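# Close look at the chain arrangement
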Amino acid sequence: MKLYVGFTILAAMACTSDAFAPHMSPVRQSRNVALSMSNEGEENPMAFLRGMANTGKNVIAATAMAAAVWTSPASLTSIAPTISSGDNAPLSIVSNIGTANAVEKASGTGSRVNKDAESLLRYGLPINNKEVRKLQVVIEEIKQDIGSKRKSAALDGVKKARTAIKSTASKMTASCRDANFCTTILNEMNDNLDPLDQSLKDSQGAQNGSEQERKALDAAYQSQSKIAKQLTALEENMVPANYVTPVPSDYDDLPQLKGRATVEFELVKPDGAPFDIEGTNFPKANMVMVIDGYTSPVTGGNFVDLVQKGFYTNMKISRSDGFVVQSGEPSEGPAIGYVGKP
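If you're wondering where the values come from, they're calculated on a predicted model, not measured in any experiment.

### Observations regarding the state of the cysteines
- Tallied over the entire structure, the rule returns one disulfide.
- One disulfide in the model links C176 with C182; its S-S distance is 2.0 Å. One disulfide, between C176 and C182, carries an S-S torsion of -105 degrees and so falls in the left-handed class. Taken as a pair, C176 and C182 share a single burial class, namely buried.

### Regarding the packing of aromatic side chains
- One pass over the structure, following the stated rule, counts five aromatic pairs.
- Taken together, the ring pairs in this structure connect F265, F303, F311 and Y312 into an aromatic cluster.
- The ring of F275 has K269 lying over it, and the distance from NZ or CZ to the ring centre is 4.8 Å.

### Structural notes on the nonpolar core
- Among the nonpolar cores identified, the biggest contains 33 residues, and L135, I146, M189, L196, L200 and L234 are the most heavily contacted of them.
- Mapped onto this core, the elements with two or more residues apiece are α4 (130-147), α5 (151-173), α6 (179-205) and α7 (211-236).
- Residue contacts for L200: discarding those within four places in its chain leaves I146, A154, L155, V158 and A220.
- Ranked by size, the runner-up nonpolar core spans 21 residues in total, among them L257, V263, L306 and I317.

### With respect to the environment of G293
- With respect to the helices and strands, G293 occurs in the loop between β10 (285-292) and α8 (297-308).
- Classification of G293 by relative accessible area gives buried; the value is 2%.
- Sequence separation of G293 and Q256 is 37 residues, and the distance between their C-alpha atoms is 7.5 Å.
- Those residues in contact with G293 that sit more than four places away from it in its chain are T245, L257, G259 and R260.

The rules behind these values
- Within any chain, residue numbers begin from 1 and follow the written order of that chain's sequence.
- Local features in this predicted model are restricted to residues whose pLDDT is 70 or higher, and side-chain atom pairs enter the listing and the counts only when it is 80 or higher, whereas totals over whole chains, interfaces and linings include all residues.
- To get the side-chain values, take all heavy atoms of the structure and skip hydrogens and water.
- Defined by distance alone, a disulfide is two cysteine sulfur atoms within 2.5 Å.
- The rule is simple: take the accessible area with a 1.4 Å probe, protein chains only, and divide by the maximum for that residue type; under 20% is buried, over 50% is exposed, in between is partly exposed.
- The pairing test for Phe, Tyr and Trp rings, Trp by its six-membered ring, is centres within 6.5 Å, and the orientation test on the planes gives stacked under 30 degrees, edge-to-face over 60, and tilted for anything in between.
- By definition here, charges over rings are those cases where NZ of Lys or CZ of Arg is within 6 Å of the ring centre and within 35 degrees of the ring normal.
- For this analysis, a nonpolar core means a set of buried residues of the types Ala, Val, Leu, Ile, Met, Phe, Trp, Tyr and Cys, connected via side-chain atoms within 4.5 Å.
- Runs of H or I in DSSP of at least four residues are treated as helices and runs of E of at least two as strands, each being numbered from the N terminus.
- Residue contacts are counted whenever heavy atoms from the two residues lie within 4.5 Å of one another.

Structure follows, in structure tokens:
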């Protein structure tokens, strides 16, 4: 059986400011994220496949980061993958709680399509809490308002977030594995709304297009980003203990990813030329991806398995045209792709 893998659109990417730092290594695996052969699953493979096909739509938005690597196909030679993970929920028991509507949020085209990788990862968490989802919408809209200089709308979002935290905190913590942890997170989020509010007010008082406005908006963005990360921690704590996405027994012989893994690819040019990233030269370019085992346990497991086996190590980039950076096809050997054991 042949399994074809192109790492460009396998799973949602975490697109962060340090994603292209000049640094990298081989395989790391956290205690909370594991590859396994499952012995449990639903007996409806076709329904599962349809679900996997729909889930595949949401990864398209994650390819946006690929455009950051501006170079020709021949100029990128070495790829060194690394796997790690954050402190997500320990995973092992199959539950009936389905993953959220990340597919709907990422499908389609146009300006209203959610292209925020971190937002899509939140929507991909298998949680069932209406209050935290409403809070998520408000916090993420603040980010959009800051980027569009809709200062009054952003300030209104701060008020809505504060009200939501105050009025629905108990309903949110009721879904947490550790209610005390979530209570602390919510209190910190509420406290961090103060500097966000002040930065937005400072931007209103500054002249449009001035350096003062830019600094105030940057400070507001940093405050919002901090709150968004706390929101992610809050939602991750709502994932049921020992949760595992149900997979039909037909796929027991394939590696499956439980939870999420972070894979970091290091790209280097064969002639030693630097990467010009936003005006700064780096000897290496690092691309960071979050592989989502909640929404794509088999696809994610297959990918991480290939990374662990060194399949992508020193593999050349096969396409880089400003729209997408693509790899995954071996340049040598009798097979195109990876041939698993029968």
